[in-house]
Amino acid sequence: VCVGLCGCCWALRPRYKRLVDNIFPEDPEEGLVKANMEKLTFFALSAPEKLDRIAAYLSERLTRELNRHRYGYVCIAMEAMEQLLLACHCQSINLLVESFLSMLRLLLEADKPHLYILATNSFVKFANIEEDTPSYHRSYDFFVSRFSEMCHSEHEDLYIQNKIRVSGIRGLQGVVRKTVDDELQVNIWEPRHMEKIVPALLVNLQQHINTNSDSPAEQTEVCFRELLSRAAYGHITNAIRPVLMHLDIHSLWEGPSFAVQCFQIIMYSIQSQHSHLVIQQLLGHLDANSRSPASVRAGIIEVLSEAAVIEASGSVGPTVLEVFNTLLRQLRQSVDYQLTGYYDNAAKHKTTSDEEKTLQDAVIKTIGSFANTLPVYQRSEVMLFIMGKIPVPGIYPALGSPNSGFEGSRMIQVMLLKSLLQVSEHYESTNLLTALPSSFLEPLLSFTLMEEPEIRLLVLSILTSLIDRHHNAARLVNVSVMFDVSVLELKEDACCHQDILFIRKHAQRLYRHVYLTCKEESSGKGHYQALITLLAVLSIELVNNEVLVDLIRLVLALQELALSSHEGLSTFNRCGVHAVCATFLYLLSQLGPPPELQQHVTQVIENRQKNAPHLLPDSVFSEEPRYRTAAPLAAVQQLSKICEALTGSSYSVHIECFNTPYTPQLTDEDRLSKRKSIGDIISLQIDMGPDQCPDAQQTEQITFETLKNTIEDSGSLEEEERRRRMQVMERFQTAPFEEIAAHCGARTSLLQSKLDQVFDLIVRPPPSPSGHPSHRSTPLYEMKFPDLSVY
């Protein structure tokens, strides 16, 4: 009776329950009953309104079997749910999802690793289903937390640990795929989710336990790249901030740089137009760690450098100058820390000079890396920006910390000039007028007057890098006296119009600073070798008869400087100048002058090799140089021989120039003492009083005495006029732009007042015949005429 009653009750059960029960075999090892599963699927498609009940009953069966530890039936229930999802996703998948997700929660909450893997596999299959209908009430918060927790698994069995971690990573990948493109889903980019997902991925990215495809590290990298590749503009910050926090907490900025590898993945994975946001995040983090140890700051800067190399699209977005401003600020802070010995204001945390120097080298390298990714016009702006940041005594006395003082300013000057050299080494320009504008060249040349030898050497290197457009400088390093120019990449075309303008505007200033550098007693071997390279590059890039003649005059003037007994040069300085003159003149003689000049120069050099080897670079710049003061007459370049060699050639029109020996132009830089303040050298004060303005002249009555005085003083007036014009010309060439603009604005105001007076005279009414004042007439331009219609 009981058996009959049970059979009767089973027959009275709803059909969907009977169909669900029929898919479970008597022995779970037999697996899902496929024929009955097809019946259940057909029923579900025929009666979609029953889907929610079918899913709820499947969830109930799974709960029952899970509580009874009958895991074979648990697997069958999950397989059945997966097939229903795949079959019904085009119609009413939302009716199944809630029950499906509750089944997954049950499996993930059970303390069984194989159930974790089962739930993860089912969730990944579900994540790959493309849904046609929107969903409103789903929540994936539990899955984000649980999958992230699985990524941190510390199971005692290493194999099982790897399996659990890989499952957690695949689960997070599924959550991202399911939610990132659905606006109705939970926003996976919120900080509360990113702070769980990103650290879980980074922990596994560090552990390269296995090398096969199932290793957590490799699977993590795939997931991490996919996550970043889907990040939109507004999501980058939330995705990068947890990375920075993780590297801080686990002290991963130092040592073998996992941080560099991590950000390489980031930069290669995100969309290229968002790269500058990552750079901006790193800059902000660097500022936040300005009171951290030097090793931490150096690690962040190293990451910045690598990120800049990868960000090769030609721009780092709107933060170009912010990048360099931050890096230069780090340089100044590092100098303060190096001088005080502490990297905090409380003087509790010590630092060493070596650590800070390592950091400074990293900053300079990073500045070069950033600059190399920029287009040419932005590199020019960067060089001007850096030049404006170089501290100059008297102008920027409070740059950095008050504790740094003069020594701190000197160190910053050296480092910023090294940064300029990094930028200039890869600078490509079509003309020198663009590469060396007045606003950049004038302050740069002013540093050649400083006492510090390292600063002067850096300036020479920067000038050479910017002038050397054909990359000949590398071949001219340690050049011998008998150098063959055929190995150089010579410029074949004539100077362009911009180069000619540069020659006319700046050539004499360049020659002058070369001359003054040779007079410096502290100039060493490197300075003279750099001078040879600079002069050679200048003559190659500016191939021009006039330029070559001027350079020969400069060489002869330098030779006279070395021979003069009035100059207080040391023996080494005199020999060095002679070596520069010999080497450069031999190279110059191969660039176009007649062969006779080269023959004369060769003869002089051969004579030196026999009688005065101490005047040649091979001896002066050797490891064990030998100096002598005397210079035989036959070992000196003769002006008459040079003029004779150039006669009858295209250079003969310039021979008259040799009658006037080269002398450097006297400027305010010479009148001011460089030992007192370099700031006075750069900021030349120009008097712009009204007495120098031609428009301030008063009209006076012309009489016989006036004409007589004019005739008698005509010579002095011409001299005064010439002097006034020279002052005006010099003012507009050297004065700051703001000062010139203010001066012109004042003249415009004066002109406007004069025009107002003229207009007032024009519209003044004529005198009345009766003698009574007439009413003021309306000016023509203020009259209102009636509209005229033309038919």
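Position numbers for residues count from 1 along each chain, tracking the sequence in the order it is written. Where local features are concerned, this predicted model is filtered to residues with pLDDT of at least 70; where side-chain atom pairs are given and counted, the filter is 80 or more; whole-chain, interface and lining totals use all residues. Hydrogens and waters are ignored; side-chain quantities use all the structure's heavy atoms.

> Residues and numbers for a nonpolar patch on the surface, please.
A contiguous nonpolar surface patch, about 280 Å² in accessible area, is contributed by Leu751, Leu755 and Phe759. The numbering of helices and of strands both runs from the N terminus, where a helix is a DSSP run of H or I of at least 4 residues and a strand a run of E of at least 2. With respect to the helices and strands, Phe759 occurs in helix H35 (residues 737–762). Categorising residues by exposure relies on relative accessible area from a 1.4 Å probe, with only protein chains included: less than 20% of the type maximum marks a residue as buried, more than 50% marks it as exposed, and the intermediate range marks it as partly exposed. Its relative accessible area of 45% is what places Phe759 among the partly exposed residues. Here, patches come from residues exposed beyond 30% relative accessible area and free of salt bridges, joined within 9 Å for like charges and within 5 Å for nonpolar side chains (Val, Leu, Ile, Met, Phe, Trp, Tyr). Each accessible area value is a Shrake-Rupley result obtained with a 1.4 Å probe; residue values ignore everything except the protein chains displayed when judging cover. Salt bridges are identified by distance alone: a Lys or Arg side-chain nitrogen within 4 Å of an Asp or Glu carboxyl oxygen.

> Can you tell me about the confidence of the model for the protein chain, naming the residues and giving the values?
pLDDT measures the predictor's confidence residue by residue and takes values from 0 up to 100. Chain-level statistics for the protein chain give a pLDDT mean of 78 and a share of 78% at 70 or above. Mean pLDDT in the protein chain bottoms out at helix H32 (residues 678–682), which sits at 37, and peaks at helix H12 (residues 236–249), which reaches 93. What makes two residues a contact is simply this: any of their non-hydrogen atoms within 4.5 Å. Note on residues 394–402: pLDDT is under 50 here. Beyond four places in sequence and across chains, it has 13 contacts.

> An account of the packing of helix H10 (residues 191–206) against helix H13 (residues 258–269) is needed here, citing residue identities and associated values.
For the pair H10 and H13, interaxial distance at closest approach is 12 Å and the crossing angle is 120 degrees. As judged from the angle between their axes, H10 and H13 are oblique. For the pair H10 and H13, the crossing hand works out as right-handed. In contact with Leu202, Leu205 and Gln206 of H10, H13 contributes Phe258, Cys262 and Ile265. Note on definitions: angles span 0 to 180 degrees between N-to-C directions of axes, and those axes are lines fitted to C-alpha atoms, for helices only across the stretch in contact. By the definition adopted for this analysis, an angle is roughly parallel if under 35 degrees, roughly antiparallel if over 145, roughly perpendicular if from 65 to 115, and oblique otherwise. Whether a crossing is left-handed or right-handed is set by the direction in which the near helix is turned from the far one by less than a right angle, anticlockwise for left-handed and clockwise for right-handed.

> Requested: an account of the nonpolar core, with residues and values cited.
Put simply, buried Ala, Val, Leu, Ile, Met, Phe, Trp, Tyr and Cys residues joined by side-chain atoms within 4.5 Å make one nonpolar core. Phe224, Trp253, Phe263 and Ile266 are the most contacted members of the largest nonpolar core, which has 221 residues in total. In contact with Trp253, other than residues within four places in its own chain, are Leu244, Leu247, Asp248, Ala259, Phe263, Leu282, His285, Ser295, Val296, Gly299, Ile300 and Val303.

> How would you explain the packing of aromatic side chains if you had to name every residue and give the values?
Pairing of aromatic rings covers Phe, Tyr and the six-membered ring of Trp, with a centre-to-centre limit of 6.5 Å; geometry is then stacked below 30 degrees between planes, edge-to-face above 60, and tilted otherwise. Per the stated rule, a full pass over the model turns up twelve aromatic pairs. Seen in terms of ring centroids, Phe123 and Phe147 are 5.5 Å apart; in terms of plane orientation they differ by 55 degrees. Their pairing is tilted. One end of the pair, Phe123, is in helix H7 (residues 113–127); the other, Phe147, is in helix H8 (residues 141–151), and 24 residues separate them in sequence. Side by side, Phe123 and Phe147 carry an identical accessibility label, which is buried. Following the ring pairs from residue to residue traces out a cluster consisting of Phe100, Phe123, Phe126, Tyr140, Phe142, Phe143 and Phe147. Both a distance and an angle decide whether a charge sits over a ring: NZ of Lys or CZ of Arg must be within 6 Å of the ring centre and within 35 degrees of the ring normal. Positioned over the ring face of Phe24 is Arg61, at 4.1 Å from the centre of the ring. Above the plane of the ring of Tyr116 lies Arg146, whose end atom (NZ or CZ) is 4.8 Å from the centre.

> Can you tell me about the pattern of salt bridges, naming the residues and giving the values?
Enumeration according to the criterion identifies 21 salt bridges in this entry. Between Asp141 and Arg192 there is a salt bridge; the shortest N-O distance is 3.3 Å. Separated by 51 residues along the polypeptide, Asp141 in helix H8 and Arg192 in helix H10 bring together distant segments of the chain. In this structure Asp141 comes out as partly exposed when scored by relative accessible area, which is 27%. Taking the relative accessible area as the measure of exposure, Arg192 reaches 44% and is therefore partly exposed. Beyond isolated ion pairs, a larger network of salt bridges with shared partners links Asp21, Arg61, Glu65 and Arg70.

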